[in-house]
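# Structural features, examined
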Amino acid sequence: MLHTQIERDIQRLATALPHRAPNTESEHAAAEYLKQRFSEYTGDARTEEFDSCESWMLVAGSYYGEFALVSLVAFWFPWLAAVYGLIVFGLYLAEFSGYRALRRLLPQFASQNVVARFMAPRPERTCVILANYDTPPVTPLTQESDWRWLRPVHTLIVLSMVAIIATCIAQGVGALEDSPFPIILAVRWFFLAILIGACATLLYNEFTSDYGPTGPANAAGTAVLIQLAQSLAENPVERTEVILAATGSKEAGLNGVRELLHQHRFDPSDTYFINLEHIDQGGIRPLSGEGLLATFRTPKRLLQAAVEACKAEHGHGVPLKPWRGWPTDALVPLAHGFAAVTLTGDAMRTPHAPDIPRAGPVSTARTAQVLKVTRVVRGIIDEMERVRSS
């Protein structure tokens, strides 16, 4: 009976809807279904609406394109260009470390998180469990499965920004003015070409994208949230308030988790996050950190609790590695100073990797995986309870 209900939940999200693209009616329909399922186990289940930008590709492309303006201004006002470039670069680093910056200026569309709260008899801390329920668009970028080149390419893009700013400063101080060859201009335009190429690639992917078939990978994550809701209703945690958050508009740039932190104002001293990412297949393991440029590490206490819970489920140790692919929802709380850990399957390649076709029944192995992850998450919460009480 339990497996049948899990199958129904995954089928409802993964096959009954044409897609769950961010900021769409289909995403809203998925949110309403999740709210209804959460409401079966708690009286405090609701959707939290917010406005979000359309696509992370437009956000990133906008930043890269700004350096064309920086380079043009540098012809006449190199110091002004250097200051403007530093501002854009700083906002870019903030943006991709989980903060909201220039994306607020782009067109906004409606999305929503689905939040269910389970109070503790003697609350001392808060655990927020995250799983996004939207799906990415189909583009060459999002369908790529080998992302070993992603971090080097992103590092080159960041270095290109720094190089352009450096040429503006060099021009401002009069360096190499007597050189017969315009070295500063050559360097600037070389690195600008890299940024324009990156911008063009992103815009091409954005404007040729289409709604993809709804895969069950993140549907499995939200199915875990539903199973946790049932578990928490039947067996509350003594000293930990648990918040289940199905985040929307994640595939448009982690918008749901950004808004969750903005609206709830959690206290970093007594709040930790568990994020479920691509957990539908393989053994379960925690990520030791993540980040394309700088690595945000999972705090040792929470990581150890996750390792112990996974070990108890598998009967053996689990490998620990940081994630260098597309950012997960855990990046935002980590960048804001919270303790956060991502649980993923052994086969995780990228959150955007193609999954099984929509057609066909949900396998017993997949529903068993949902139950396995549910037990691991409860194990982490119980382990954190023991650590804090000892």
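Summarised in this report is the structure supplied together with it.

Conventions we followed
- Residues numbered from 1 in each chain as written.
- Predicted model: local features only at pLDDT ≥ 70, side-chain atom pairs only at ≥ 80, totals over all residues.
- Heavy atoms only, no water.
- Salt bridge = Lys/Arg side-chain N within 4 Å of Asp/Glu carboxyl O.
- Helix = DSSP H or I, 4+ residues; strand = E, 2+ residues; numbered from the N terminus.
- Phe/Tyr/Trp six-rings, centres within 6.5 Å; stacked < 30°, edge-to-face > 60°.
- Buried < 20%, exposed > 50% of the residue type's maximum accessible area, 1.4 Å probe, protein only.
- Axes fitted to C-alpha atoms, helices over the stretch in contact; angles between N-to-C directions.
- Parallel < 35°, antiparallel > 145°, perpendicular 65-115°, else oblique.
- Left-handed = near helix turned anticlockwise from the far one by under 90°.
- Contact = heavy atoms within 4.5 Å.
- Nonpolar A, V, L, I, M, F, W, Y, C, P; charged D, E, K, R; others polar.
- Core = buried A, V, L, I, M, F, W, Y, C linked by side-chain atoms within 4.5 Å.

## Some details on the pattern of salt bridges
Tallied over the entire structure, the rule returns 16 salt bridges. Notably, a salt bridge pairs Glu40 with Arg37, separated by 2.5 Å at the nearest N-O pair. Across the pair Arg386 and Glu383 runs a salt bridge whose closest N-O atoms are separated by 2.6 Å. In this pair, Arg386 and Glu383 both sit in helix H12 (residues 364-389), three residues apart, roughly one turn of the helix.

## Considering the packing of aromatic side chains
Taken as a whole and judged by the stated rule, the model has nine aromatic pairs. Both rings, one in Tyr64 and one in Tyr92, keep their centres 5.7 Å apart while their planes meet at 50°; by these two values the pair is tilted. With a gap of 28 residues between them, Tyr64 in helix H3 (residues 56-73) and Tyr92 in helix H4 (residues 78-95) connect regions that are remote in the sequence. Comparing Tyr64 with Tyr92 shows no difference in burial state: the two are buried.

## Re the packing of H3 against helix H7 (residues 183-207)
Orientation of H3 relative to H7, taken along the N-to-C sense of each, is 150°, at an axis distance of 8 Å. The pairing of H3 with H7 is recorded here as roughly antiparallel in orientation. Crossing handedness for the pair H3 and H7: left-handed. Taken together, the residues of H7 that come into contact with H3 (itself represented by Trp56, Met57, Leu58, Ala60, Gly61, Tyr64, Gly65, Phe67, Ala68, Ser71 and Leu72) are Arg188, Trp189, Leu192, Leu195, Ile196, Ala198, Cys199, Leu202, Leu203, Asn205, Glu206 and Phe207.

## Description of the packing of H3 against helix H6 (residues 150-172)
Interaxial distance between H3 and H6 falls to 11 Å at its minimum, and their mutual angle equals 15°. The pairing of H3 with H6 is recorded here as roughly parallel in orientation. Like other packed secondary-structure pairs, H3 and H6 cross with a definite hand, here left-handed. Residues Tyr64, Phe67, Val70 and Ser71 of H3 touch H6, and the partners they reach there are His154, Ile157, Met161, Ile164, Ile165 and Cys168. Its residues assigned to classes, the contact of H3 with H6 comprises eight nonpolar, two polar and no charged.

## A short note on the environment of His316
Tracing the chain through its elements places His316 in the loop between helix H10 (300-314) and strand S10 (321-323). Classification of His316 as partly exposed rests on a relative accessible area of 48%.

## Observations regarding the nonpolar core
In this structure, Ile129, Leu244, Ile274, Leu276, Leu343 and Ile380 are the most contacted members of the largest nonpolar core, which totals 55 residues. Ranked by the residues each element gives to this core, the list is headed by helix H8 (residues 217-234), at nine residues. Non-local contacts of Ile274, meaning those with residues more than four positions away in its chain, are made with Cys127, Val128, Ile129, Leu130, Val341, Leu343, Val377, Ile380 and Ile381. The next biggest cluster of nonpolar side chains, apart from the first, holds 34 residues, and it includes Met57, Ala74, Phe191 and Leu292.

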